[in-house]
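# Survey of secondary and tertiary structure
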Amino acid sequence: MIREILKDLANFSEKKPFLMVLIILIITIFAGISATNIKTQTSFEKMLPQNNPIVQTLYEVRDEFGGTDVVILAVKIVPTNNPNKVVDIRDPRVLRAVKELEESLRTVDGITEVSSPVDTLEKLNGGVLPQDIDTVKRLLSKLPEEQRRRMFNSDYSMMIINAFTDVGGNEKKNVRLMQDIKERINETPLPPGVEIIPTGTPALRDLLDILMKESQRFTTIFGFIGILIILIAYFKRPITSILPLLPVIISVIWTGGAMGLLGIPLDMATAGIGSLILGLGIDYGIHLIHRFQEEKRKGLPTDKAIEIAVVETGTALLATTATTVVGFLALVFAPLPLMKHLGETCAMGITFSMIVVLTLLPALIVIEDYYIIPFIKRIRSKGE
């Protein structure tokens, strides 16, 4: 029965290749639109089982007591040749800048509380910000040594601003929060020799979001170029070399569409799914084209060569795809959501690769053999 289905599929692709391409193209467009709905997931607690008592208690504490995450803004001295540079982080110019930034941060949506050593100094000075460093030193001398160590580092080159936030695991809110904080930092006039760098859990999540997207683009593009070079070296014909790549590129788009449709997020495990599918799925196209060329060398016409290639290669592809998918689906039963997402996306990606190779690739081979190669030959003959 499977062989008959594959035979009918091959005949349809051979007789109506452009219709097959159109069908695949329409599905790909819808998948591409759905892929825009993929959500990024960088929240640590979202990477853990949501029914775990520890995770559930975290959500409960956050609901009852507000933000549990802190954006730490490190205010530190950096090297500069400016003669007016700051040499002591207790410099009143720095304190004024920190106070201005604090007031600005309190208006940011998602920040529940802001604190820094400036608040303590202001309180000790009767609610007025100290105007000279000697006053700052005098005020600090009134505090216990342990408290002073928590306000400034040992060589007075750094202090921190704590901005508590209640954005929780909401990715969009976290990205917007960090954008707002970076804008407020850029808008704050700092004296020469001072910079402010945000860190802490929300900042690391924002960095992770950026790096995951960059990694996804880089690994997919690098994988595409690397595979294309190998294909050109193997087939020695540029057009033929591109043909097996097109189905796996489409399967990557289909996988992205399925992720958007099913709500599977882009996380640390699925960020490299594009290159994984390219590497795992390219074999299918190579086997099919190789078998087609082998049958053509025997003197068979294109329609018969396509039929044999699809039927004989297709049965093997079905078996190898089934075993690979089962292996990846085993990850679905892992307790970590990260592993589950990886298993789901890889299983879908490999399945889509097989489907697109058996449907689109035969049509592309026919188009190349019936239309592109004769056209190129006519162009060359005219040039000669």
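Here is a short report on the structure shown in this document. Note on numbering: residues in each chain are counted from 1, in written sequence order. Local features in this predicted model are restricted to residues of pLDDT 70 or higher, and side-chain atom pairs are both shown and tallied only at a pLDDT of 80 or more, whereas totals for entire chains, interfaces and linings draw on every residue. Side-chain measures were taken over the full set of non-hydrogen atoms in the model, leaving aside hydrogen atoms and water.

So, on to the overall build of the chain. Within the chain one finds 14 helices and 4 strands. A compact globule built from 384 residues would reach a C-alpha radius of gyration of about 21 Å, whereas the chain, at 30 Å, exceeds it by more than 25%. Three exposure classes are used, based on accessible area relative to the maximum for each residue type with a 1.4 Å probe and protein chains only: buried under 20%, partly exposed in between, and exposed over 50%. Per-residue burial over the chain gives 42% buried out of 384 residues. Partitioning the intrachain contacts of the chain with sequence separation of at least 6 by distance along the chain shows that 77% fall at a separation of at least 24. Put simply, the chain shows about 20,100 Å² of open surface, and 62% of that area lies on carbon and sulfur atoms. Only DSSP runs of H or I reaching four residues or more are called helices, and only runs of E reaching two or more are called strands; each is numbered from the N terminus. Put simply, the radius of gyration uses C-alpha atoms, and a globule should come to 2.2 Å times the residue count raised to 0.38. Residues count as neighbours in contact if any of their non-hydrogen atoms are within 4.5 Å of one another. Only the protein chains shown count as cover for residues, and the accessible areas themselves come from Shrake-Rupley with a 1.4 Å probe.

Each Phe, Tyr or Trp ring (for Trp, its six-membered ring) is paired with any other whose centre lies within 6.5 Å, and the angle between the two planes then decides the class: stacked below 30 degrees, edge-to-face above 60, tilted in between. A full pass over the atoms with the stated rule returns 6 aromatic pairs. On the numbers, 5.7 Å between centres and 80 degrees between planes, the contact of Trp-254 with Phe-352 is edge-to-face. Linking Trp-254 in helix 11 (residues 245–262) with Phe-352 in helix 14 (residues 337–383), this pair joins segments that are 98 residues apart in sequence. Here the two residues Trp-254 and Phe-352 agree in accessibility, since each one is buried. Ring pairing ties together the aromatic residues Phe-18, Tyr-370 and Tyr-371, which thus form one cluster. Looking at Arg-90, its charged tip hangs above the ring of Tyr-156, at a distance of 3.5 Å from the centre. Sitting over a ring, as applied to charges here, requires NZ of Lys or CZ of Arg to be within 6 Å of the ring centre and within 35 degrees of the ring normal.

Together, Lys-39, Lys-172, Lys-173 and Arg-176 make up a region of like positive charge exposed at the surface. Secondary-structure assignment places Lys-173 in helix 8 (residues 171–187). Residues with no salt bridge and a relative accessible area higher than 30% make up the patches, which join like charges within 9 Å and nonpolar side chains (Val, Leu, Ile, Met, Phe, Trp, Tyr) within 5 Å. Salt bridges are defined by distance alone: a side-chain nitrogen of Lys or Arg within 4 Å of a carboxyl oxygen of Asp or Glu. Under the counting rule used here, the positive set is Lys and Arg, the negative set is Asp and Glu, and His together with the chain ends is not counted. Every charge is mapped to an atom, namely NZ of Lys, CZ of Arg, CG of Asp or CD of Glu.

Let us now look at the nonpolar core. With 48 residues, the main nonpolar core has Leu-245, Trp-254, Ile-306, Leu-361 and Ile-365 as its most contacted residues. Elements that contribute at least two residues to this core include exactly helix 1 (2–15), helix 2 (17–35), helix 9 (201–235), helix 11, helix 12 (273–297), helix 13 (302–329) and helix 14. With 16 residues, helix 14 is the single largest residue contributor to this core. Setting aside residues no more than four positions away along its own chain, Ile-365 makes contact with Leu-243, Ile-289, Phe-292 and Ile-306. The term nonpolar core refers to a set of buried residues drawn from Ala, Val, Leu, Ile, Met, Phe, Trp, Tyr and Cys, joined through side-chain atoms within 4.5 Å.

A side chain of one charge can pair with a side chain of the opposite charge if their charged atoms are brought near each other. Under the defined criterion, the tally for this structure stands at 18 salt bridges. Across the pair Glu-146 and Arg-150 runs a salt bridge, and its minimum N-O distance is 3.5 Å. Here the residue Glu-146 and the residue Arg-150 both occupy positions in helix 7 (residues 145–151), the gap between them amounting to 4 residues, near one helical turn. Arg-150 shares its class with Glu-146; the two are exposed. Each of Lys-7, Lys-304 and Glu-307 takes part in one network of salt bridges that share partners.

What follows deals with a nonpolar patch on the surface. Together, Phe-12, Leu-19, Leu-22, Ile-23, Leu-25, Ile-26, Ile-27, Ile-29, Phe-30 and Ile-33 line one region of the surface with nonpolar side chains, adding up to about 890 Å² of accessible area. No other element matches helix 2, which puts 9 residues into the nonpolar patch. Assignment of secondary structure puts Phe-30 in helix 2.

Further remarks concern the sheet that holds strand 3 (residues 158–165). Taken together, 4 strands build an open sheet; the order of strands is 2-3-1-4 and the sheet is antiparallel. Edge positions in the sheet fall to strand 2 (111–115) and strand 4 (194–200), since each has one partner strand and no second. Across the sheet, the mean angle from the axis of one strand to that of its neighbour is 20 degrees, orientation sign disregarded. Relative to strand 4, strand 1 (residues 69–77) is paired through 7 bridges, and the arrangement is antiparallel. In the sheet register, Ile-72 faces strand 4, and the bridge partner there is Thr-199. Whether two strands pair comes down to DSSP finding at least two bridges between them. Inter-axis angles, ranging from 0 to 180 degrees, are taken between N-to-C directions of lines fitted to C-alpha atoms, where helices are fitted over the stretch in contact.

Below, the discussion takes up unusual backbone geometry. At Tyr-156, a position not held by glycine, the phi torsion is positive, near 55 degrees. Among the secondary structure elements, Tyr-156 is positioned in the loop between helix 7 and strand 3. Residue Tyr-156 is classed as partly exposed on the basis of its relative accessible area, which comes to 23%. Of note, the phi angle at Lys-236 is positive, near 60 degrees, even though the residue is not glycine. The topology assignment puts Lys-236 in the loop between helix 9 and helix 10 (238–242).

Axis separation between helix 4 (residues 92–105) and helix 5 (residues 117–124) bottoms out at 9 Å; the angle between their running directions is 110 degrees. Classed by the angle they form, the pair helix 4 and helix 5 counts as roughly perpendicular. For the pair helix 4 and helix 5, contact is made by Leu-95, Val-98, Lys-99 and Glu-102 and by Val-118, Asp-119, Leu-121 and Glu-122, respectively. Polar here means any residue other than Ala, Val, Leu, Ile, Met, Phe, Trp, Tyr, Cys and Pro, which are nonpolar, and Asp, Glu, Lys and Arg, which are charged; Gly is therefore polar. Class assignment for the residues of the contact of helix 4 with helix 5 results in 4 nonpolar, no polar and 4 charged. Every angle not falling under 35 degrees, over 145, or within 65 to 115 is termed oblique; those three ranges are roughly parallel, roughly antiparallel and roughly perpendicular.

The next thing to look at is the pairing of strand 3. Of the two faces of strand 3, the one lined by Met-159, Ile-161, Ala-163 and Thr-165 is fully buried and the one lined by Met-158, Ile-160, Asn-162 and Phe-164 carries no buried residue. Relative to strand 3, strand 1 is paired through 8 bridges, and the arrangement is antiparallel. Counted as the bridge partner of Asp-69 is Thr-165 from strand 3. As paired strands, strand 2 and strand 3 are joined by 4 bridges and run antiparallel to one another. Considered in strand 3, the bridge of Ser-115 is made with Asn-162.

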